[in-house]
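Structure at a glance
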Amino acid sequence: MPEVSAIVVGAGIVGLSVAYGALRNGVSVMIVDRNPEGDKASFGNAGGIAVTEVVPASVPGLWKKVPFWMLDPLGPLALRMAHTPRLLPWLWNFARVGTASEVRRISTALADINGRVYDDLLPLFNEVGLAGDLLQKGALTVYESENGLRNDMHDWDAKRDLGVEVKELTAAEIREMEPALSPIVKNGVFTPQWSHIKDPKRVVDVLRHWLVAHGAEIVRGEVDRVVPTSDGAKVVLDGGREMTARKIVIAAGAWSGRLAKQMGDRVLVESERGYTTTIASPGVALEREVIFADRKFVATPLSIGLRIGGAAEFGGLEVAPNYARSKALVKLAKHYFPGIREEGGVEWSGHRPTTPDSLPVIGRSGPSSNIIYAFGHGHLGLTQGPTTGKIVGDLLLGRKPPIDMAPFSVARFSLKKASFYDSPDFLLR
């Protein structure tokens, strides 16, 4: 059998994890990215290893809440109106999967992949020198009213059924764990399986350097297209340079849909822009990540400060960020942390690659088995990256992955279940 070589398109946490999985399987690896060391969603995320997130974003009854979120110009959900026509197929399918039966199916798939996270993440962190960067302290989800937790109990019960440890807490118990929280918190849930890392940027930097030190080549360049060949595939860069390999993995986050469409695969992946503010000296201390269920944001204690993150903004890949959303997150945080100091906050925004069914796209391209997809992880790229790398490593060598791959196949977007799919005006460009 000829030596296996692979080109990985994308140097975010998923692409780097794929490269790690390939190298560990004896595959020679080249990583291509327009800015390998540059800012990505992998750098500015909230740092959570969110293994307990096994319920998709689209659930029954969600549509009742969306209009209220949209009415707030700086609320948890925003849609840039110029992007609406392109977003319609995604929105249609987001609504379509929000049924009880679909939620059960999707949740099972999410539980399958999240159930492997520590099996794959811990060995990677240990080998590359990141063992001390993982803080296994669980997470708190807090509510401002008794009704808030009661209204979410269906989701918590569903998580319990899928193996998530859930412990309900009173306000006093929560403040015993996190004294900085204000009396506005009335109750909450502790999920001990959740973890967080000290600094997402350090994770990708350390992993990238380890890959180079162990034989991976990194090429700086904008990928124009990916083309199947008789015995593999080739990457064509903007400017005409071509590179060939036996296998190519597309792990370019929110930009992956463009390359998949060129291949002839229909895929629904959108940029769900997220925002954060990181305060180096916030004047308040947390032990673990805190999720504010009512206001839809989080706060994570990192080695570089307190990171406050949230928001879901759909506006495409080209529109400029609205950093008023980063500022709004800090204002929300003041309700929960009366003593917080906001001076010196560093604002950030990044593109999270999100599918309507909350499942990543992992598996072979329809037109060519030599082209493999690994994108669309939404909020869970950091969480699922090492496991995605393990799965892709198996696919590169023709081995059976450790979980059922059918729910993650790109073919799911080609099932003609709605009239939107039949209209060329609504295809991703």
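Above this note sits the structure.
Now for a look at the structure at hand. Here the structure is a predicted model, which means the values were calculated and not measured. (Residues numbered from 1 in each chain as written. Predicted model: local features only at pLDDT ≥ 70, side-chain atom pairs only at ≥ 80, totals over all residues. Heavy atoms only, no water.)

Quick look at the sheet that holds strand S13 (residues 242-245) now. Spatial ordering of the open sheet is given by S11-S12-S13, a layout of three strands whose pairing is antiparallel. In this open sheet, the two strands that pair with only one neighbour each are strand S11 (223-229) and S13. The mean angle between the axes of side-by-side strands here comes to 20°, regardless of whether they run parallel or antiparallel. Relative to strand S12 (residues 232-237), S11 runs antiparallel, the two being bridged by six bridges. Paired with Arg225 across the bridge in S12 is Val236. (Pairing = 2+ DSSP bridges. Helix = DSSP H or I, 4+ residues; strand = E, 2+ residues; numbered from the N terminus. Axes fitted to C-alpha atoms, helices over the stretch in contact; angles between N-to-C directions.)

This part is about the nonpolar core. Counting residues in each nonpolar core, the largest one holds 63 residues, and the members touching the most others are Val29, Ile49 and Leu211. Apart from the residues lying within four places of it in its own chain, the contact partners of Leu211 are Leu16, Ala19, Tyr20, Leu23, Ile31 and Ala216. Counting residues in hydrophobic clusters, the runner-up holds 37 residues, among them Val55, Leu77, Ile250 and Leu259. (Core = buried A, V, L, I, M, F, W, Y, C linked by side-chain atoms within 4.5 Å. Buried < 20%, exposed > 50% of the residue type's maximum accessible area, 1.4 Å probe, protein only. Contact = heavy atoms within 4.5 Å.)

Regular strands place side chains that alternate from one sheet face to the opposite one. The sheet contact formed by strand S20 (residues 361-364) and strand S21 (residues 371-375) spans four bridges and is antiparallel. Bridge pairing in S21 links Val361 to Phe375. Linking two consecutive strands that pair antiparallel, namely S20 and S21, is a turn of six residues.

Attention now goes to the packing of aromatic side chains. Applying the stated rule across the entire model yields nine aromatic pairs. For the ring pair Tyr20 and Trp210, a centre distance of 5.3 Å and an interplane angle of 50° mean the geometry is tilted. Here the residue Tyr20 occupies a position in helix H1 (residues 13-24), and Trp210 occupies one in helix H10 (residues 200-213), the gap between them amounting to 190 residues. Using a relative accessible area of 9% as the deciding quantity, one classes Tyr20 as buried. Their ring planes at 15° and their centres at 4.4 Å tell us that Phe292 and Phe297 sit as a pair that is stacked. In this pair, the class of Phe292 matches that of Phe297, namely buried. (Phe/Tyr/Trp six-rings, centres within 6.5 Å; stacked < 30°, edge-to-face > 60°.)

This paragraph deals with the side chain of Thr191. Turning to its location among the elements, Thr191 is positioned in strand S8 (residues 187-191). Once residues within four sequence positions are removed from consideration, Thr191 is found in contact with Thr52, Gly138, Ala139, Trp156, Val164 and Glu165.

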